[in-house]
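# Architecture at a glance
The chain contents come next:
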Amino acid sequence: MRNIDKDNITDVFMSYFGPDTDPRLRQVMESLVRHLHGFAREVGLTHAEWQTGIEFLERAGRISDDKRHEFVLLSDVLGLSSLVDMINSDPAGTSSSVLGPFHIAGAPPLPMGGDMKRDFGGPLLLVRGRVTAPDGTPIAGAELDIWQTAPNGMYSSQDPEQDLYSFHGIQTTGPDGRFGFTTVRPVSYTVPTDGPVGDILNATGRHPWRPSHLHFIVKAKGFRTLVTEIFPDDDPYLDEDTVFGVRSDLIMHYDECPPEAFPDGFALSGKVKEPFLSASFDLKLVPETPAA
Ligand code: BEZ
Ligand code: FE
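In short, a report on the structure.

So, on to the packing of aromatic side chains. Applying the stated rule across the entire model yields 10 aromatic pairs. Consider the rings of Y155 and Y189, whose centres lie 5.3 Å apart with planes at 90°: the pair is edge-to-face. Here Y155 is found in the loop between β3 (143-147) and β4 (168-172), whereas its partner Y189 is found in strand β6 (residues 189-190), with 34 residues between them in sequence. Judged by relative accessible area, which is 6%, Y189 ranks as buried. Plain terms: the ring middles of F262 and F276 are 5.1 Å apart, the flat faces sit at 70° to each other, and that makes the pair edge-to-face. Taken together, the residues F262 in the loop between β11 (255-257) and β12 (276-280) and F276 in strand β12 connect sequence positions 14 residues apart. In this structure an aromatic cluster arises from ring pairing among F102, Y155 and Y189.

Ideal geometry at a metal gives 109.5 degrees between four tetrahedral donors and either 90 or 180 degrees between six octahedral ones. Y155 (OH), Y189 (OH), H213 (NE2) and H215 (NE2) make up the full set of protein donors to the iron ion (ligand 2), lying at 1.9 to 2.1 Å. Relative to the metal, the 6 donor atoms surrounding the iron ion (ligand 2) lie at angles of 54 to 166°, and the coordination shape comes out irregular. In the primary structure, the donors to the iron ion (ligand 2) are separated according to the pattern Y-x33-Y-x23-H-x1-H. Taken together, the positions of Y189 in strand β6 and H215 in strand β8 (residues 214-219) put the pair 26 residues apart, joining distant regions of the chain.

Not every one of the 13 residues close to ligand 1 is listed here, only the nearest: D76, Y189, R210, H213 and H215. Contact between ligand 1 and Y155: an oxygen atom at 3.4 Å from a side-chain N or O atom of the residue. Against a free-state accessible area of 260 Å², the protein chains account for coverage of 100% of ligand 1. Judged by the fraction of its atoms near the pocket grid, ligand 1 is located in the largest cavity. Along the lines of polarity and charge, the residues of the shell around ligand 1 split into 7 nonpolar, 3 polar and 3 charged.

A few words now on the packing of helix α3 (residues 47-63) against helix α6 (residues 196-203). Running from amino to carboxyl end, α3 crosses α6 at an angle of 135°, the nearest separation of the two axes being 9 Å. Viewed along their axes, α3 and α6 adopt a mutual orientation that is oblique. Of the residues in α6, those in contact with F56, R59, A60 and I63 of α3 are P196, V197, D199 and I200. Split by residue class, the contact of α3 with α6 holds 6 nonpolar, no polar and 2 charged.

With that out of the way, let us pick up the pattern of salt bridges. Applying the stated criterion across every chain yields a total of 9 salt bridges. Between E70 and R68 there is a salt bridge, with the nearest N and O atoms lying 2.8 Å from each other. No difference in accessibility class separates E70 from R68, as the two residues are buried. Between D163 and R118 there is a salt bridge, with its nearest N and O atoms 3.4 Å apart. One end of the pair, D163, is in the loop between β3 and β4; the other, R118, is in the loop between β1 (114-115) and β2 (124-132), with 45 residues separating them in the sequence. Judged by its relative accessible area of 47%, D163 falls in the partly exposed class. The exposure class assigned to R118 is partly exposed, which follows from its relative accessible area of 43%.

Let's shift gears to a negative patch on the surface. Together, D233, D234, D255 and E256 make up a region of like negative charge exposed at the surface. Counting through the fold element by element, E256 comes out in strand β11. What makes E256 exposed here is its relative accessible area of 73%.

Cut-offs applied
Residues numbered from 1 in each chain as written. Chains lettered and ligands numbered in written order. Predicted model: local features only at pLDDT ≥ 70, side-chain atom pairs only at ≥ 80, totals over all residues. Heavy atoms only, no water. Phe/Tyr/Trp six-rings, centres within 6.5 Å; stacked < 30°, edge-to-face > 60°. Helix = DSSP H or I, 4+ residues; strand = E, 2+ residues; numbered from the N terminus. Buried < 20%, exposed > 50% of the residue type's maximum accessible area, 1.4 Å probe, protein only. Donors = N, O, S within 2.8 Å, 3.2 Å for Na, K, Ca; no water. Tetrahedral: all angles 85-135°; square planar, octahedral: opposite > 155°, others 65-115°. Near = heavy atom within 4 Å. Polar contact = N/O pair within 3.5 Å; in protein donor to acceptor, adjacent residues only side chain to side chain. Areas by Shrake-Rupley, 256 points an atom, 1.4 Å probe, with all protein chains shown as cover. 1 Å grid on protein atoms, 1.4 Å probe; cavity = no way out; pocket = protein on both sides within 12 Å on 5 of 7 lines; lining within 4 Å. Sits in = over half its atoms within 2 Å of the grid points. Nonpolar A, V, L, I, M, F, W, Y, C, P; charged D, E, K, R; others polar. Axes fitted to C-alpha atoms, helices over the stretch in contact; angles between N-to-C directions. Parallel < 35°, antiparallel > 145°, perpendicular 65-115°, else oblique. Contact = heavy atoms within 4.5 Å. Salt bridge = Lys/Arg side-chain N within 4 Å of Asp/Glu carboxyl O. Patch = residues over 30% accessible without salt bridge, like charges linked within 9 Å, V, L, I, M, F, W, Y side chains within 5 Å. Lys, Arg positive; Asp, Glu negative; His and termini not counted. Charge placed at Lys NZ, Arg CZ, Asp CG, Glu CD.

Coordinates in, geometry out; function isn't part of it.
Here you go:
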């Protein structure tokens, strides 16, 4: 085809696929290019704007490494990561929500009733719940990989003052599907703004804040792995998470409790002398669909 014009270029692109192209790759590429061309036509994209976009992608590539994932952050602030989460979330289970860039593999075991707060300042939070199937049947032996910010709003991987695994732990549910641990109340924090994605937030008048949350990856044999976060209902950023991670079933409530209400069976039982916060919620996993 040599008479390419702005109206037929999309169809010409579609005609260039080789006959052996994987059908799913072809479907994804056709749709991607149809939308990309449609976007350029719709806004009447100028050369200068195209160039700005290319330079943005180059800057994102230059700042990225094995610890800094600027393209993931871009996907997060554009709402794409959350959209993919929601497209693939099964409504029978707890909603999934963004993994984020601060999970680190290999966290130490957190025994049932264990404590992650240690000597950090800030309000003590008692977290309890169960991992269940959609019908409420408890799942024994489920593994919860848990992580959160320190009271200074930083994850351990961002903060040279913290141990690598501070506020990270892996807990296994007991026969009744229960989990339980103590920690510090997580705080709201900003996504990294010192790169090109920060420039986009700034240029579009957006703030970089995320509501405070606890992260979980929950794995159990025979069930789909759940990547999610749980947010307190009193966080000021709950309705304006810059990465769109909040869903109504992911909201917990903190009860303020007197020290004498602290339960038995926790590492801190008998040692709590101040009022503490308590939250409980269940995490529902959906069975794995057998391969077709
Ligand atoms: C996080 O929750 O850790 C996170 C998610 C997306 C972007 C930045 C941080
Ligand atoms: Fe986070």
